[in-house]
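# Residue-level structural notes
The lines below spell out each chain.
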Amino acid sequence: MSEQLADTPAIESEPEEEPLDPEVAARRNAALAQIRSFGDPVLRTKARPVQRFDDSLREEVARMGELMDDALGVGLAATQVGALHRLLVYRVQREAPVAALINPEIVWSGKETEAMEEGCLSLPSVLVEVDRPVHVRVQARDEHGEPIMIEASGLEARVIQHEVDHLDGVLILDRTTREQRKEAMRRLREAETAA
Ligand code: ZN
């Protein structure tokens, strides 16, 4: 639990403890305003496979990558921007290019699991512990329709699983303990009241 994740580092994540540069904070808030948040039924809807690998898909990948960066997230699923098709972007290393997975399928998960705190760009103010396999193998296509196979471990595996969950209408609230879910729901209600 020392490490934090989110679509996240705190996976789709929470901002760092130190205050953000005001420009960065403004960009983040503008990005978050474009991301669907808890209570929006689209987040509970299963996305459909992508059929066409055309320029508009590639534009969408680029837009999602920018949005994820601006939101200071490490992953983003199309569902979170209201597009119900199976597309996700992620980047777990600052210097790496944004990776896009289209029609991703987790074809293998290792037996070893690890619990870690996750946040979600669609659930501001929530961090819950989620137990997930440490190693996964994922089959997908890239934005040109080429088949790709990824062996992922650790943070990368966690982010991919978090985003694939989004494509199935599953949220971290569904993957944590009853106690943590209760506490998270309380915080979400509080945030709603404050807004
Ligand atoms: Zn998320």
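Right, let's walk through the structure included here. Computed from a predicted structure; not experimentally measured.

## Here's the deal with the overall build of the protein chain
Each helix and strand counted, the protein chain has four helices and nine strands in total. Ordered by position from the N terminus, the helices and strands of the protein chain form the series β-β-α-α-β-β-β-β-β-β-β-α-α. Taking the principal axes of its C-alpha atoms as reference, the protein chain extends roughly 45 × 40 × 35 Å. Considering the protein chain as a whole, with its 195 residues, one finds that 42% of them fall into the buried category.

## Here's the deal with the sheet that holds strand β3 (residues 75-77)
The strand order across the open sheet formed by five strands is β3-β4-β5-β8-β9, and the pairing between neighbours is antiparallel. The strands lining the two open edges of the sheet, one partner per strand, are β3 and β9 (147-153). Averaged over all neighbouring strand pairs, the angle between strand axes comes to 40°, with direction disregarded. Relative to β9, strand β8 (residues 135-141) runs antiparallel, the two being bridged by seven bridges. Residue pairing for β9: Q139 is matched across the bridge by M149.

## What to know about the environment of H162
Within the fold, H162 resides in helix α3 (residues 154-167). For the pair H162 and H144, spaced 18 residues apart in sequence, the C-alpha to C-alpha distance is 23 Å.

## Section: the pattern of salt bridges
A pair can form between side chains of opposite charge whenever their charged atoms are brought close. Tallied over the entire structure, the rule returns 14 salt bridges. Note that R58 and D55 form a salt bridge whose closest N and O atoms lie 2.9 Å from each other. In this pair, R58 and D55 both sit in helix α2 (residues 55-70), three residues apart, roughly one turn of the helix. Among the residues examined, R58 registers a relative accessible area of 26% and is labelled partly exposed. Exposure remark for D55: the relative accessible area of 53% places this residue in the exposed category. Members of the salt-bridge network, linked through shared partners, are E118, R132, R158, D165 and R175.

## What to know about unusual backbone geometry
Glycine aside, the phi torsion of most residues is negative, and most peptide linkages are trans. In this structure, L72 is a non-glycine residue whose phi angle is positive, near 60°. By the secondary structure assignment, L72 is in the loop between α2 and β3. For S125, which is not glycine, the phi torsion reads 80° and is therefore positive. Locating S125 in the fold gives a position in the loop between β6 (113-119) and β7 (128-133). By relative accessible area, which is 24% here, S125 ends up partly exposed.

## Some remarks on the pairing of β8
Residues of β8 alternate between two faces, with V136, V138 and A140 buried on one and H135, R137, Q139 and R141 left unburied on the opposite face. Two elements, strand β5 (residues 99-109) and β8, share five bridges in a ladder whose sense is antiparallel. The partner of I102 across the bridge, within β8, is R141. Here β8 folds back onto β9 in antiparallel fashion, the turn holding five residues, of which G145 has a positive phi close to 90°.

## With respect to the pairing of β5
Strand direction decides the pairing type here: strand β4 (residues 87-90) and β5, joined by four bridges, are antiparallel. From the neighbouring strand, L87 faces β5, where its bridge partner is I102.

## Describing α3
With 14 residues, α3 extends 20 Å between its outermost C-alpha atoms, agreeing within 8% with the 20 Å of an ideal straight helix rising 1.5 Å per residue. Judged by how many residues are buried, α3 sits mostly within the fold: 11 of 14 residues are covered. For α3, every residue scored as buried is listed here: A157, R158, V159, I160, Q161, H162, E163, V164, D165, H166 and L167.

Each value, and the rule that gives it
- Residues numbered from 1 in each chain as written.
- Predicted model: local features only at pLDDT ≥ 70, side-chain atom pairs only at ≥ 80, totals over all residues.
- Heavy atoms only, no water.
- Helix = DSSP H or I, 4+ residues; strand = E, 2+ residues; numbered from the N terminus.
- Buried < 20%, exposed > 50% of the residue type's maximum accessible area, 1.4 Å probe, protein only.
- Pairing = 2+ DSSP bridges.
- Axes fitted to C-alpha atoms, helices over the stretch in contact; angles between N-to-C directions.
- Salt bridge = Lys/Arg side-chain N within 4 Å of Asp/Glu carboxyl O.
- Expected span 1.5 Å × (residues − 1).

The values reported here are purely geometric and, on their own, carry no functional implication.
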